[in-house]
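Report on the structure
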Amino acid sequence: MASPISHLLKKLKTFFLIILLTTTVVVSSEQQQCRNFQSIISFGDSIADTGNLLGLSNPNDLPLAAFPPYGETFFHSPTGRFSDGRLIIDFIAEFLGLPYVPPYYGSKNGSFEKGANFAVAGATALEQDALESRGIHTTYTNVSLQVQLKSLKESLPNLCASPSDCTEMIGNALVIVGEIGGNDINNGLIAGKSLDEIKQLVPLVITTVSSVITELINMGARTIMVPGDFPIGCWTVFLTLYKTSTKEEYDPLTGCLKWPNDFVQQRNEELQKELNRLRKLHPHVTILYADYYNTVLRIFQEPAKFGFMDRPFSACCGTGGPYNYNSVTLCGSKGVDCCVDPTKYVHWDGVHLTESAYRWIATGLLEGPYTVPAFDWSCLGSDIKKGSSGKQFSSSSM
């Protein structure tokens, strides 16, 4: 017969085994960072605008994205998206098994249970007054990043029943902040500001983005994706604006202008430093940096590998100039032609990209190495995996 002491030791062993297993499960769960996202909340500019500028516009003064051929590839009619079809946010929604994120502004009786999009084409990170004081004019909208956040706060009583419900809703959402700040920079460059003047905007933009991220964390956000800027030295508009006969100004591999890309890389590095600081302050929150720069640059380095034409700088929809683009007669205007096959083009209208390009960007984020830190999207469950088709997110050309 076992002694009372040996019986007690067996109980203690069982107790500690249970504690060990429980601890292992908890740690393992935290390491996976898995989230069963119930919705998407998005802020930004035209890269993510699914119809907000259209909803905010005077019916007698609609944006060009309200007219054909915008939307022709997938939706078969204009939706207010500045592309021929889906955007990065649309592919992310498909991958997560969620509906396309509806635009918040101008929506009447819209359902925002599965997400709300506050991104507005032309939006800036900084307030309009701050830019105007530096001689940088914003022509599209005054819905800055802070205004978008304010709109989310004002909408909460209609989205959730109580403060605790709101915290839970935001905590269960994938929150995307950006890309934002690109228009602050682009408008300054187009206005003819020097690079030194533009560089002074960078810390102000990053401080604004950081402030919004902090507020969202305080509101309950647990997973926040923050995209960096694109390699704008490869953009049709800047290749046209800064065209030069000096070969040394161009990257021999890609054909892109060097100095705009060097500037963007520096800006992105500063943004990542700030995100690292926020991660240390909020270790319970997953803050993802979406590397738009490198996931796009690989396309210009090997365009044929991704199904695009060689040196894919020309706009699919546009007219004039060396790259089928001029700033006076833009895509969506009467008499402006569109290419026959947008899938061969990276650039849609000289400022925004085609659905095909956005698809590859989304692929790089969701199935490739272009989120920092790496995020295990595969743990989201079989239902979500079924929601993303292999055709849309093929990794064969990664």
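Higher on the page you've got the structure.
Description of the structure in this document. Just so you know, these numbers come straight off a predicted model, no measurement behind them.

Reading guide: rules and limits
Residues numbered from 1 in each chain as written. Predicted model: local features only at pLDDT ≥ 70, side-chain atom pairs only at ≥ 80, totals over all residues. Heavy atoms only, no water. Helix = DSSP H or I, 4+ residues; strand = E, 2+ residues; numbered from the N terminus. Buried < 20%, exposed > 50% of the residue type's maximum accessible area, 1.4 Å probe, protein only. Areas by Shrake-Rupley, 256 points an atom, 1.4 Å probe, with all protein chains shown as cover. Pairing = 2+ DSSP bridges. Core = buried A, V, L, I, M, F, W, Y, C linked by side-chain atoms within 4.5 Å. Contact = heavy atoms within 4.5 Å. Salt bridge = Lys/Arg side-chain N within 4 Å of Asp/Glu carboxyl O. Phe/Tyr/Trp six-rings, centres within 6.5 Å; stacked < 30°, edge-to-face > 60°. Lys NZ or Arg CZ within 6 Å of the ring centre and 35° of its normal. Disulfide = S-S within 2.5 Å. Axes fitted to C-alpha atoms, helices over the stretch in contact; angles between N-to-C directions.

It is worth spelling out the overall build of the protein chain at this point. Scanning the protein chain from N- to C-terminus turns up 14 helices and six strands. Across the 398 residues that make up the protein chain, the buried fraction comes to 51%. Of the roughly 18,300 Å² of accessible surface on the protein chain, a fraction of 55% belongs to carbon and sulfur atoms.

Among the five residues in strand β5 (residues 286–290), five count as buried, and that is most of the element. Because side chains alternate across β5, one face comprises the buried residues Thr286, Leu288 and Ala290, and the other comprises Ile287 and Tyr289, equally buried. Sheet topology note: the strand β4 (residues 223–227)/β5 ladder contains five bridges and is parallel. Bridge pairing in β5 links Ile224 to Ile287.

For the rest of this paragraph, the subject is the nonpolar core. One finds Ile40, Phe43, Ile88, Leu216, Ile224 and Trp377 to be the most contacted residues of the largest nonpolar core, which totals 112 residues. With nine residues, helix α9 (residues 201–218) is the single largest residue contributor to this core. Excluding anything up to four places from it in sequence, Phe43 contacts Phe118, Ala119, Leu145, Gln148, Leu149, Leu152, Val175, Ile176, Val177, Gly178 and Leu216.

Using the criterion set out here, one finds 10 salt bridges in the structure. With a closest N to O distance of 3.7 Å, Glu179 and Arg267 form a salt bridge. Here Glu179 is found in the loop between β3 (173–177) and α7 (182–190), whereas its partner Arg267 is found in helix α11 (residues 258–281), with 88 residues between them in sequence. Judged by its relative accessible area of 4%, Glu179 falls in the buried class.

By the definition in use, this model includes 22 aromatic pairs. Where Tyr242 meets Trp259, the ring centres are 4.9 Å apart and the plane angle is 85°; that geometry is what we call edge-to-face. A residue pair is termed long-range when its members are at least 10 positions apart, and Tyr242 in the loop between α10 (236–241) and α11 and Trp259 in helix α11 qualify at 17 residues. Here Tyr242 falls in the partly exposed class, since its relative accessible area comes to 23%. Classification of Trp259 as partly exposed rests on a relative accessible area of 24%. Following the ring pairs from residue to residue traces out a cluster consisting of Phe230, Trp235, Tyr292, Phe300, Phe313 and Tyr323. Directly above the ring of Phe74 sits Arg86, whose terminal nitrogen or CZ lies 3.8 Å from the centroid.

Our next topic: the state of the cysteines. Summed over the entire model, instances satisfying the criterion amount to four disulfides. Note on cysteine connectivity: Cys160 is disulfide-linked to Cys166, with sulfurs 1.9 Å apart. Disulfide Cys160-Cys166: torsion about the S-S bond near 95°, hence right-handed. Overall, the relative accessible area of 10% leaves Cys160 in the buried class. Here Cys234 is linked by a disulfide to Cys256, with a sulfur-sulfur distance of 2.0 Å. Between Cys234 and Cys256, the S-S dihedral sits near 105°, and the bridge is therefore right-handed. You can see Cys234 sitting in the loop between β4 and α10 and its partner Cys256 sitting in the loop between α10 and α11, a full 22 residues away along the chain. Taken individually, Cys234 and Cys256 each receive the classification buried, so the pair is uniform in this respect. Lacking any disulfide linkage, Cys338 is separated from the closest cysteine sulfur, that of Cys316, by 3.8 Å. When its relative accessible area of 28% is taken as the criterion, Cys338 is described as partly exposed.

Strand pairing in a sheet takes place through backbone hydrogen bonds and is either antiparallel or parallel in direction. Pairing is mixed across the open sheet formed by six strands, whose spatial order is β2-β1-β3-β4-β5-β6. A strand with exactly one partner marks an edge of an open sheet, and here the two such strands are β2 (115–117) and β6 (371–372). Lying over the sheet, helix α3 (residues 88–95) contacts β1 (39–43), β2, β3 and β4, oriented at roughly 165° with respect to β1. Helix α6 (residues 163–171) rests against β1 and β3 of the sheet, and its axis sits at about 70° to β3.

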